[in-house]
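Here's the letter readout for the chains.
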Amino acid sequence: MTRAIGNERGLTLIELCLTLLILGLIVAAASPRLSRSYRRLQLKTAAESIADEIRMIQRRAEISQQAWRFIIRPDGKSYAVECQHRGEFAEPPATAATGAPEWEPVIRRTLPAAINLAPVAFTIEWTADGVTPHQSLRVCDAEGNAYEIRIEESGLALHPTGEKAWR
């Protein structure tokens, strides 16, 4: 059986426009959900990165036998890691004219936009044997989602928390 070529027809301009309109509506409906997922992923990544830095500080304090500290800056948007300065040949920690130990900056980081650390202007110190009192801090976003990082003798715990439920 043969078909007549003249009877075949393609898409009209109206059909093509309607198809594109429907695809556009589907993308528009999915876009807020995708951006929310991206912001949550960004928050989780920032929290895990900070938790890894804190684990690193604890290990370095144990290995180097130096005091270390994690400092949240007053803006809540950045933090620093410092170690207590030691002179050559493992002398006792160097002190400034005030008698206070000198701290050497090791890392300074700024968080992505809309992510903050709490409490602000907060310092966690590890002694030269890697011990610190139980502490906790939060990595938060503007929507009320957060991760809490708890520092304990047994290790570090990271879990989601916040005013809004994680859905």
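We now turn to the structure provided with this report. The shown structure was predicted, so the numbers you read here are calculated from the model rather than taken from an experiment.

**Some words on the overall build of the protein chain**
Here is step 1 of the chain: Across its full length, the protein chain holds one helix and eight strands.
Here is step 2 of the chain: When each of the 167 residues of the protein chain is scored for burial, the buried share is 29%.
Here is step 3 of the chain: A separation threshold of at least 6 residues defines the contact pool for the protein chain, and within that pool the share at least 24 residues apart is 51%.
Here is step 4 of the chain: For the protein chain, the exposed surface amounts to about 10900 Å²; the carbon and sulfur share of it is 58%.

**Details of a nonpolar patch on the surface**
Here is step 1 of the chain: Among the surface-exposed residues, Leu 11, Leu 13, Leu 16, Leu 20, Ile 22, Leu 23 and Ile 26 lie close enough to one another that they form a single nonpolar patch of about 740 Å² accessible area.
Here is step 2 of the chain: Relative to the assigned elements, Ile 26 resides in helix H1 (residues 13-64).

**Regarding the pattern of salt bridges**
Here is step 1 of the chain: In this structure the tally under the stated criterion is five salt bridges.
Here is step 2 of the chain: We note a salt bridge from Arg 55 to Asp 52, for which the minimum N-O separation is 2.9 Å. With Arg 55 and Asp 52 both in helix H1 and three residues apart, the pair spans about one turn of that helix.
Here is step 3 of the chain: With relative accessibility at 29%, the residue Arg 55 sits in the partly exposed group.
Here is step 4 of the chain: In this structure, Arg 109 and Glu 53 form a salt bridge, with 2.7 Å as the shortest nitrogen-oxygen distance.

**Re the nonpolar core**
Here is step 1 of the chain: The biggest cluster of nonpolar side chains holds 27 residues, and the ones touching the most others in it are Ile 50, Ile 54, Phe 70, Leu 137 and Val 139.
Here is step 2 of the chain: Broken down by secondary-structure element, the contributors of at least two residues to this core are H1, strand E1 (68-72), strand E2 (78-84), strand E4 (115-118), strand E5 (122-126), strand E6 (135-141) and strand E7 (145-152).
Here is step 3 of the chain: The leading source of residues in this core is H1, at eight residues.
Here is step 4 of the chain: Once residues within four sequence positions are removed from consideration, Val 139 is found in contact with Leu 43, Ala 46, Ala 47, Ile 50, Ile 115, Asn 116, Leu 117, Asn 145, Ala 146, Tyr 147 and Ile 149.

**Thoughts on the sheet that holds strand E3 (residues 103-110)**
Here is step 1 of the chain: Taking strand neighbours across the sheet as the criterion, the four strands line up as E3-E2-E1-E5 in an open arrangement whose pairing is antiparallel. Each edge of the sheet is formed by a strand with only one pairing partner; in this case those strands are E3 and E5. Neighbour-to-neighbour, the strand axes of this sheet turn through a mean angle of 15°, independent of strand direction.
Here is step 2 of the chain: Of the pairings in the sheet, the one linking E1 to E2 comprises five bridges and is antiparallel in character. What sits directly across from Ile 71, in E2, is Ala 80.
Here is step 3 of the chain: The sheet strands contacting H1 are E1, E2, E3 and E5, and the helix crosses E1 at an angle near 155°.

**Quick word on the pairing of E7**
Here is step 1 of the chain: The buried fraction of E7 amounts to six of the eight residues, a majority that puts the element mostly inside the structure.
Here is step 2 of the chain: In this sheet, E7 lies alongside E6 in antiparallel orientation, the contact comprising six bridges. Residue pairing across strands places Cys 140 opposite Ala 146, the latter belonging to E7.
Here is step 3 of the chain: Where E6 hands over to E7, the hairpin turn is made up of three residues, of which Gly 144 adopts a positive phi near 95°.

**Digging into unusual backbone geometry**
Here is step 1 of the chain: Backbone torsion omega between Ala 118 and Pro 119 reads -5°, so that peptide bond is classified as cis.
Here is step 2 of the chain: With respect to the helices, strands and loops of the structure, Pro 119 is situated in the loop between E4 and E5.
Here is step 3 of the chain: Phi is positive for Gln 65, which is not a glycine, with a value near 55°.
Here is step 4 of the chain: Inspection of the secondary structure assignment puts Gln 65 in the loop between H1 and E1.
Here is step 5 of the chain: One non-glycine residue with positive phi stands out, namely Ala 121, at about 50°.
Here is step 6 of the chain: Note on placement: Ala 121 falls in the loop between E4 and E5.

**Some points on the pairing of E6**
Here is step 1 of the chain: Where E4 and E6 come together, four bridges link them in antiparallel fashion. Among the inter-strand pairings, Leu 117 is bridged to a residue of E6, identified as Val 139.

Rules used throughout
- Residues numbered from 1 in each chain as written.
- Predicted model: local features only at pLDDT ≥ 70, side-chain atom pairs only at ≥ 80, totals over all residues.
- Heavy atoms only, no water.
- Helix = DSSP H or I, 4+ residues; strand = E, 2+ residues; numbered from the N terminus.
- Buried < 20%, exposed > 50% of the residue type's maximum accessible area, 1.4 Å probe, protein only.
- Contact = heavy atoms within 4.5 Å.
- Areas by Shrake-Rupley, 256 points an atom, 1.4 Å probe, with all protein chains shown as cover.
- Patch = residues over 30% accessible without salt bridge, like charges linked within 9 Å, V, L, I, M, F, W, Y side chains within 5 Å.
- Salt bridge = Lys/Arg side-chain N within 4 Å of Asp/Glu carboxyl O.
- Core = buried A, V, L, I, M, F, W, Y, C linked by side-chain atoms within 4.5 Å.
- Pairing = 2+ DSSP bridges.
- Axes fitted to C-alpha atoms, helices over the stretch in contact; angles between N-to-C directions.

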